[in-house]
Amino acid sequence: MLEDNLYGLADIQSALLDVMKDFHIFCVENEIRYSLCGGTCLGAVRHQGFIPWDDDLDVCMNRKNYNKLMTLIGKSEDLKIVRSIWIDRIQRKNAEAVRGYIPEIDVFVIDNAPDGKLQRRIKLLLLAAFQGMLKEEVNYKEKSVFYKILLFSTHMMGKLFSKEKLWNIYKKISQIGNRYRTRNKHCTNSFYKGIFDIYPNDTWDKIELVDFEDTQFFNTTNYDNYLKICYGEYMVLPEEKERRPVHIAGL
């Protein structure tokens, strides 16, 4: 809980929580369905709030609700959308940085994963390739020679097109399979490894309010299967050396 402040993140988490409260109200008022996801979903289940060393907030929604969010967010008096590479993020208008970090919510989009193995593989590889083209900077550390070549090739190809052009194509690729019901879904704007995680079609069909710090947010009722796919034995705490924030430098 925030008052414990074991990892020195209480101020960051408090600011994130305030943004999330506003986002939740906005979604309820506009009938936009969302669920907590990633480490935020895990935190809700295992800690009834933030993972003590977590320094971000993640939500997900299907393409229909995402489109509705993008249409209506401009009418919000308090919130705005900013895009970083291929991820849209919710921030407060005129947000003030906390230790150099703007509190924001990552919005992940759930699309259908084609049933055909070949079509699904092509879609996933195309998304991975366009992620490489969309990156502003490339980190080659601790990568295999083959992967370094792929990173370099896609990064150089991306320089031939505007980021907006690449982003529009990326969105079209993301929606391959959405015209019909499929057995599985995946998160199409996750980071590289995340787009390859495949979930049963009904993973986010039902949501419910769950406790999160001093309030409640929506989470999938099928969190057990979802978290097992993401993290395996998710109730087991990682080793102490792995308990560190991702976004806040120097902690």
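Residues numbered from 1 in each chain as written. Predicted model: local features only at pLDDT ≥ 70, side-chain atom pairs only at ≥ 80, totals over all residues. Heavy atoms only, no water.

**Let's talk about the nonpolar core**
If you look at the biggest cluster of nonpolar residues, it comprises 60 residues, and the most contacted ones within it are Met 20, Phe 23, Tyr 34, Leu 36, Leu 69 and Ile 90. If sequence neighbours within four positions are ignored, Ile 90 has contacts with Val 19, Phe 23, Leu 69, Ile 73, Leu 79, Lys 80, Ile 81, Pro 103, Glu 104, Ile 105 and Val 107. (Core = buried A, V, L, I, M, F, W, Y, C linked by side-chain atoms within 4.5 Å. Buried < 20%, exposed > 50% of the residue type's maximum accessible area, 1.4 Å probe, protein only. Contact = heavy atoms within 4.5 Å.)

**What to know about the packing of aromatic side chains**
Across all of its chains, the model carries twelve aromatic pairs by this definition. Ring plane angle 70° and centroid distance 5.1 Å describe the contact between Phe 50 and Phe 212, whose orientation is recorded as edge-to-face. Here the residue Phe 50 occupies a position in the loop between α2 (38-47) and β2 (57-62), and Phe 212 occupies one in strand β8 (residues 207-212), the gap between them amounting to 162 residues. A relative accessible area of 0% means that Phe 212 is categorised as buried. What links up through ring pairs into an aromatic cluster is the set Trp 86, Trp 167, Tyr 170 and Phe 191. (Phe/Tyr/Trp six-rings, centres within 6.5 Å; stacked < 30°, edge-to-face > 60°. Helix = DSSP H or I, 4+ residues; strand = E, 2+ residues; numbered from the N terminus.)

**Some points on the side chain of Ser 76**
Along the chain, the position of Ser 76 falls in the loop between α3 (63-72) and β3 (79-84). What makes Ser 76 buried here is its relative accessible area of 9%. Setting aside residues no more than four positions away along its own chain, Ser 76 makes contact with Phe 26 and Lys 93.

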